[in-house]
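In case you want the letters, here they are:
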Amino acid sequence: MTDAGRTAGIAARPYAVLRPVRPDLLTSDEAEDSLPEGLPDVRLPDRTAGPAGVLLDMDDTLVDFSRASPAALAEVLGPEGHFETWMALTDHWYPHFTSGELSYRALERNRLADMLTLLGRPVPGTADLDELDARRKQAVESRLRLYPDVLPFLRRVRAAGYRIGILSNSDGVQQRRRIAQLGLEPWLDAITVSSESGLAKPSPESFALACGRLGTPPDRTVHIGDSLENDALGAQRAGLAAVWLCRNALDGVPAVAGITAVESLDAVFR
């Protein structure tokens, strides 16, 4: 594909950085399970009626990816590597990945090649392109942190006997490495990542597979994620209860029938 073809139709969009979190990597020994007032009370399925579970998106749901990524991009590409443009390129290529047209690695290569082209820089060969993107991902991972509400939520859910899984549209090797790095492994009963399964959200098949691995039927499973289309609507169409996690704020968020919007995991299973 030509440079013009790669960049056709791409327009930068405003990008809201999520609210600040503690700079240290949280551990399970930290913080009380304080619950802010005024949040909706989202209940999980009755566990006494049979196995029930929670599926979680990862990036910008459990992990503050949107604060780590801009700083990493600037470290690798310099201050002219604007994150708004990077996200516009991500939005452009992501549907090609979720549809199965491109692998996640191909998405990453095309996105970085487009970024370099827009910056007026030469696009190197595949090996050098991969090396540059590996540097960017290492810079991201050195900055990744869990949101403060994540471990208190996982403790509540696990103590109540619910099964917990991750369903992520991403690269499996990358996400499993990050899960281990952030200390999430002990909390998880199943991990489903699109690059490994060949199925991506919002397809009903991706949710069905994740529920099967978790050992809970869709109608006894809640999915929580930050994307309205991929997470909330995808889960709803697949027969799961859907929680849309809007960490920026609920102000101005449209009401969607059958989907509960929350600002924090503190609102779920209180």
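Residues numbered from 1 in each chain as written. Predicted model: local features only at pLDDT ≥ 70, side-chain atom pairs only at ≥ 80, totals over all residues. Heavy atoms only, no water.

Peer 1: Any chance you could explain the overall build of the protein chain here in plain terms?
Peer 2: When helices and strands are tallied, the protein chain shows ten helices and six strands. Within the protein chain, the fraction of its 270 residues that count as buried is 50%. For the protein chain, the accessible area works out to roughly 11,800 Å², and carbon and sulfur atoms hold 53% of it. (Helix = DSSP H or I, 4+ residues; strand = E, 2+ residues; numbered from the N terminus. Buried < 20%, exposed > 50% of the residue type's maximum accessible area, 1.4 Å probe, protein only. Areas by Shrake-Rupley, 256 points an atom, 1.4 Å probe, with all protein chains shown as cover.)

Peer 1: Is there a simple way to explain the packing of helix H2 (residues 65-77) against helix H5 (residues 126-141) in this structure?
Peer 2: For the pair H2 and H5, the least separation of the axes is 8 Å and the interaxial angle reads 135°. By the angle class used here, H2 and H5 are oblique. Seen along the crossing, H2 lies across H5 with a hand that is right-handed. From H2, Phe 65, Ala 68, Ser 69, Ala 72, Leu 73, Glu 75, Val 76 and Leu 77 reach across to H5, where they touch Leu 132, Arg 135, Arg 136, Ala 139 and Val 140. Its residues assigned to classes, the contact of H2 with H5 comprises nine nonpolar, one polar and three charged. (Axes fitted to C-alpha atoms, helices over the stretch in contact; angles between N-to-C directions. Parallel < 35°, antiparallel > 145°, perpendicular 65-115°, else oblique. Left-handed = near helix turned anticlockwise from the far one by under 90°. Contact = heavy atoms within 4.5 Å. Nonpolar A, V, L, I, M, F, W, Y, C, P; charged D, E, K, R; others polar.)

Peer 1: Help me understand the sheet that holds strand S1 (residues 53-56), please; the structure alone is not making it clear to me.
Peer 2: Remark on secondary structure: sheet strands pair via backbone hydrogen bonds, oriented parallel or antiparallel. Overall, parallel pairing links the six strands, which are arranged S3-S2-S1-S4-S5-S6 in an open sheet. Here the strands that pair on one side only, and so sit at the sheet edges, are strand S3 (190-193) and strand S6 (259-262). The sheet shows a mean angle of 20° between the axes of neighbouring strands, direction not considered. Sheet analysis places S1 next to strand S2 (residues 163-168), joined by four bridges and oriented parallel. Pairing of Leu 56 across the sheet is with Ile 166, part of S2. Sitting on the sheet, helix H10 (residues 228-237) is in contact with strand S4 (221-225), strand S5 (241-245) and S6, with an inclination near 160° to S5. (Pairing = 2+ DSSP bridges.)

Peer 1: What am I meant to see in the pairing of S4 here?
Peer 2: The side chains of a regular strand alternate, residue by residue, between the two faces of the sheet. For S4, the tally of buried residues reaches five of five residues, placing the bulk of the element in the interior. Residues Thr 221, His 223 and Gly 225 point to one face of S4 and Val 222 and Ile 224 to the other, with burial holding for every one of them. Here four bridges tie S1 to S4, and the two strands are oriented parallel to one another. Each bridged residue has a counterpart across the sheet, and for Val 54 the counterpart in S4 is Val 222. With four bridges connecting them, S4 and S5 associate as parallel partners. Looking at S5, one finds that Val 222 is bridged to Ala 241. After leaving S4, the chain enters H10 and then returns to the sheet as S5, a path that is right-handed. (Right-handed = clockwise from strand over helix to strand, strands pointing away.)

Peer 1: Which parts of the structure should I look at to understand the side chain of Ser 66?
Peer 2: Residue position: Ser 66 is located in helix H2. When its relative accessible area of 1% is taken as the criterion, Ser 66 is described as buried. A distance of 2.6 Å separates a polar atom in the side chain of Ser 66 from a polar atom in the side chain of Asp 60. (Polar contact = N/O pair within 3.5 Å; in protein donor to acceptor, adjacent residues only side chain to side chain.)

Peer 1: When you look at the environment of Glu 75 in this model, what are you seeing that I'm missing?
Peer 2: Residue placement: Glu 75 occurs in helix H2. Taking C-alpha positions, Glu 75 is 9.3 Å from Arg 135, a pair spaced 60 residues apart along the chain. The residues touching Glu 75, leaving out its near neighbours within four places in the chain, are Ala 139 and Arg 143. At 2.8 Å, the side chain of Glu 75 forms a polar contact with the side chain of Arg 143.

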